[in-house]
Amino acid sequence: MAADALAIIPGAVLRNLADKLYEKRKNAALEIEGIIKQLSTAGEHEKIAAVIGLLTSDFAMSPQANHRKQGGLIGLAAVTVGLTSEAAQHLELIVPPVLNAFLDQDSRVRYYACEALYNIAKVVRGDFIIYFNKIFDALCKLSADSDANVQSAAHLLDRLVKDIVTESDQFSIEEFIPLLRERMNVLNPYVRQFLVGWITVLDSVPDIDMLGFLPDFLDGLFNMLSDNSHEIRQQADAALSEFLQEIKNSPNVDYGRMAEILVRRAGSDDEFTRLTSITWINEFVKLGGEQLVPYYADILGAILPCISDEEEKIRVVARETNEELRAMKSDQTEGFDIGAILIIAERELNSEHEATRIEALHWFSTLLVRNRTEFLGYLEGIFEPLLNALSDPSDAVVLLVLEVHARIAEEPHHFHHLVSYLIRTFHNNHVLLERRGALIVRRLCVLLGAEKVYREFSTILEKEGDLDFASTMVQALNLILLTSAELAELRSLLKKSLVDSRGKDLFLSLYPSWCHSPMATISLCLLAQAYNHASSVIQSLGEEDINVKFLVQLDKLIRLLETPVFAYLRLQLLEPGKHTWLLKTLYGLLMLLPQQSAAFKILRTRLKTVPFSENLKRTSSANPYSQILQVTEDGNRNQDTPNYSAINFPSRLQQFESMQQQHRDHLKNQLQSRKSASAAVLGQEIQRYEESHSSSVPEISRPPSRASRVIS
């Protein structure tokens, strides 16, 4: 066949085709074009094939000098031009050697390959499509060529190929997409520009459904949003914006596959990528409907961290999306996986950002309201993390956690578990009790009812083994009871303890645990207006009971007596004859206070205002305590309230004394243990001292042993 070609093409033409000078190669190509035209007109296609074979083997793929390859490429283009409309039947011989030249190490060969393929494409147009994937692959590589001239030639060829594709009805998008998907994660900026350009062009063709294949290359487009090149970021953003608009106008969209990509990209380190991802997710939530139900958990996992993003735009869109998502009502039949959502919400409870933790808790509340039965089915796995969240440093978070627990605690056993955990937590973390105890208890009282909460606390604390903690906890609860506006109704109920069955029942419920603290017991009696018993409690106190802690608590109580909570008590002092035991109780407290203390002065000043009768003043000199003694003796037959005997106070006093005896014994054991420990430490120190001293005595100063004396 080569011999036939040599007979067809004059030797001079072939020599010029391999010449170093471009003009000679160009003229030779024109002569070959004329020869091919004649052969085509005559129908001599075998001779044409022979010429193509000669140009391929001896020139385009020659191992010799590169200008010979260049001549071969120009010759192949000339053959195509000469064939014109009949070129399609010879493309399988013409195109492969040109494509192969794109891989040549010489940039000039690559340049002429671009030029040759450009001329070939201009001639064959639509018939060129069958080689599109191979040409696209070659162009993708050439777009990042190291030689600027080759890049320029490749861009010209690329524009022509795009024009051909947009005109053709033979282009197969199905075959092209895998090729595109493979290259979408390439980092080279020139290749990225090339790919975005093709995506944009193909999307503009009405007959090509790029939207249907968007999930295949969406991740790559999002990856380009963080490119160092501003131009590439703009191009990728423009392409994404166009696709998002198409999604809004399209009735058939595969939201699921794209949602997975968006969720992953929402966690990007790049701010612009996160913003674009969250914006897409926001639109998907609005448009996706039931399609997105199985992806709710993944979407939520992407949204919640973005609620605390440093960028305000991202925070705004994330919050809006979160609200949209939470407003949707779904059930299990639609694929709604409450367990997966709870896992996400639980995970975000550990977020370092308060806003994210708060929104996670809002999800717990929402699910509890809408899907209570299903929620409680997962409670075993999330109850402990929710309890741990009560130690959160944020007050806002703690209040929301309490709301969630209050909803859960509608079942009695969950309520008991909650209060038990709180007591255990306060036991292990006294700082939390001091700083957050009042907030937690007050909020629980609002959410679940003060009486219910205090009864449960009392029931558990009555059996508390750690007596020191029990005393501390009762003192804290008592202070909250006396000072919190939220517990006003509870205080009102306790005031009726001697005349109302509910009040009596509440008093008897609190009393056993309140016995852990003498001052709490006295305060409870003052609230209940059981002044006779309060006086008895004071009289029962022993020397060891009146310590620094007791005096601190007493100081607080005296100051509280001056607050509006005890206004009723101060008004009762206007009738000393009717409330004799109240006076005796207050004087008893006064007697326990050091005279130099501020509390002593406060209480003494208050008692001086008590309006004793004139005859008492004359008979008792100026001693106020003698006045109260006389009033008490005169009024012994009258108790503070008519139904005082409704409560068995002698039995309560025994209960108080028994509890206080336990505390005294506990204190003695503690002191004994400390003494024993100190003695043991001292003994060890003495032993170490003697050992070190004996080892430092010189050998010569020691008396001779009995054995040494015998030997001598």
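Check the entry above for the structure.
Fair warning: this is a prediction, and the values are worked out from it, not measured in the lab. Along each chain, residue indices are assigned from 1 in the same order as the chain's sequence is written. This being a predicted model, a pLDDT of at least 70 is required before a residue's local features are given, and a value of 80 or more before pairs of side-chain atoms are given or counted; all residues contribute to the totals for chains, interfaces and linings. Neither water nor hydrogens contribute to the side-chain values; these are computed over all heavy atoms in the structure.

Novice: Lay out the packing of aromatic side chains with the relevant residues and their values.
Specialist: Each aromatic pair joins two rings of Phe, Tyr and Trp (for Trp, the six-membered one) with centres within 6.5 Å, and gets the label stacked for planes under 30 degrees apart, edge-to-face for over 60, and tilted for any other angle. All chains considered together, the criterion is met by 21 aromatic pairs. On the numbers, 5.1 Å between centres and 40° between planes, the contact of F136 with F194 is tilted. Taken as a pair, F136 in helix α8 (residues 132-142) and F194 in helix α11 (residues 189-203) lie far apart in primary sequence, 58 residues in all. Joined through ring pairs, the aromatic side chains of F132, F136, F171, F176, F194 and W198 make up one cluster. Charge over a ring is defined by NZ of Lys or CZ of Arg lying within 6 Å of the ring centre and within 35 degrees of the ring normal. Positioned above the aromatic ring of F59 is the side chain of R68, whose terminal nitrogen or guanidinium carbon lies 4.2 Å from the ring centre. Over the face of the ring belonging to F415 we find K452, whose NZ or CZ atom lies 4.5 Å from the ring centre. The way it works is that DSSP assigns letters per residue, a run of H or I at least four long becomes a helix, a run of E at least two long becomes a strand, and they are numbered from the N terminus.

Novice: Describe the nonpolar core, with residues and values.
Specialist: As used in this record, nonpolar core signifies buried Ala, Val, Leu, Ile, Met, Phe, Trp, Tyr and Cys residues forming a set joined through side-chain atoms within 4.5 Å. The rule is simple: take the accessible area with a 1.4 Å probe, protein chains only, and divide by the maximum for that residue type; under 20% is buried, over 50% is exposed, in between is partly exposed. Counting 236 residues, the largest nonpolar core has W280 and Y454 as its most contacted members. Considering each element in turn, this core owes the most residues, nine residues, to helix α7 (residues 107-124). In what follows, residue pairs with any heavy atoms lying within 4.5 Å of each other are defined as contacts. When neighbours within four sequence positions are excluded, Y454 is seen to be in contact with V441, C445, L477, I480, L481, L487, L490, L510 and W514.

Novice: Any details on helix α6 (residues 91-101)? Residues and values, ideally.
Specialist: In an α-helix, one full turn covers 3.6 residues, which means residues spaced three or four apart are oriented alike. Here α6 has its buried residues at L91, I94, V95, P97, V98, L99 and A101. Looking at the packing, one finds that the buried side of α6 touches α4 (45-60), α5 (66-83), α7 and α8.

Novice: Describe the side chain of S535, naming the residues involved and giving the relevant values.
Specialist: Along the chain, S535 falls in helix α30 (residues 531-540). In contact with S535, other than residues within four places in its own chain, are W581, K584 and T585.

Novice: Before we move on, can you summarise the side chain of H90 with the specific residues and values?
Specialist: As for its placement among the helices and strands, H90 is situated in the loop between α5 and α6. Its relative accessible area of 5% is what places H90 among the buried residues. As used in this structure description, the phrase polar contact means that two N or O atoms lie within 3.5 Å; if the pair is within protein, one of them must be able to donate a hydrogen and the other to accept it, and residues adjacent in sequence are counted only when both atoms belong to side chains. Within polar-contact distance, the side chain of H90 engages the side chain of H45 at 3.0 Å. Not counting the four nearest positions on each side in its chain, H90 is found in contact with H45, I48, A49, I52 and L83.

Novice: Account for unusual backbone geometry, with residues named and values stated.
Specialist: With a phi close to 50°, R125 is a non-glycine residue in the positive phi region. Tracing the backbone through its elements, the reader meets R125 in the loop between α7 and α8. Despite not being glycine, Q529 has its phi angle at roughly 60°, a positive value. Given a relative accessible area of 16%, Q529 falls into the buried group.

Novice: Before we move on, can you summarise the packing of helix α31 (residues 548-560) against helix α34 (residues 598-608) with the specific residues and values?
Specialist: Where helices are involved, their axes are fitted lines through C-alpha atoms of the stretch in contact, as for all axes, and angles between N-to-C directions lie from 0 to 180°. For the pair α31 and α34, interaxial distance at closest approach is 9 Å and the crossing angle is 35°. Here α31 and α34 pass one another in a crossing that is left-handed. Listed contacts from α34 to D555, I558 and R559 of α31 are A598, A599, I602 and L603. Taken together, the residues that form the contact of α31 with α34 break down as five nonpolar, no polar and two charged. Helix crossings are classified by the rotation of the near helix relative to the far one: an anticlockwise turn of less than a right angle makes the crossing left-handed, while a clockwise turn makes it right-handed. Polarity classes work like this: nonpolar for Ala, Val, Leu, Ile, Met, Phe, Trp, Tyr, Cys and Pro, charged for Asp, Glu, Lys and Arg, and polar for all others, with Gly in that last group.

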